[in-house]
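What follows is each chain in one-letter form.
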Amino acid sequence: DGCSNKTRNPTRLSVRTSVRMKDARITYRRRHSYRTKSNKVRPVKTPGGKLVARYITKSAKGPACGDCHKTLQGLKRLRPAQFSRLPKCKRTVARA
């Protein structure tokens, strides 16, 4: 790997070591009970010492051009629900 522990984030380091514990099983916190791409979790150790599931949001692809399908510059890469909540001036660019 080549990088030392000083450059790593200490919270991320503790998450990785907590997964290798003797019993690292965690339960989902929501009703969706299958491991699908919309139900991704990351185990996080709380200050009380418990392992809990933190839900990971999907990464957004961003708005794309309708003709060439390339991503448009100057616009935020948000999920569709968050993008629709933006004001109109932040959803478009004048040069597009």
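Notes on the structure in this doc start here. (Residues numbered from 1 in each chain as written. Predicted model: local features only at pLDDT ≥ 70, side-chain atom pairs only at ≥ 80, totals over all residues. Heavy atoms only, no water.)

Each aromatic ring pair is described using two quantities: the centre-to-centre distance and the angle formed by the ring planes. Going through the model one piece at a time under the given rule, you end up with zero aromatic pairs. If you follow R30 out to its NZ or CZ, it ends over the ring of Y55, 4.0 Å from the centre. (Phe/Tyr/Trp six-rings, centres within 6.5 Å; stacked < 30°, edge-to-face > 60°. Lys NZ or Arg CZ within 6 Å of the ring centre and 35° of its normal.)

A word on the environment of H32. Relative to the helices and strands, H32 resides in the loop between α1 (10–19) and β1 (41–45). If near-sequence neighbours (up to four positions away) are discounted, H32 is found in contact with S38 and N39. (Helix = DSSP H or I, 4+ residues; strand = E, 2+ residues; numbered from the N terminus. Contact = heavy atoms within 4.5 Å.)

Turning to the pairing of strand β2 (residues 51–55), a few remarks are in order. Residues L51, A53 and Y55 of β2 are buried on one face, while the alternating residues V52 and R54, pointing to the opposite face, are not. Examined bridge by bridge, β1 and β2 share five bridges and lie antiparallel to one another. Residue pairing for β2: K45 is matched across the bridge by L51. Counting the residues between successive antiparallel strands, the hairpin from β1 to β2 contains five residues, one of them, G49, with a positive phi of roughly 95 degrees. (Buried < 20%, exposed > 50% of the residue type's maximum accessible area, 1.4 Å probe, protein only. Pairing = 2+ DSSP bridges.)

Taken by themselves, the reported measurements are silent on function.
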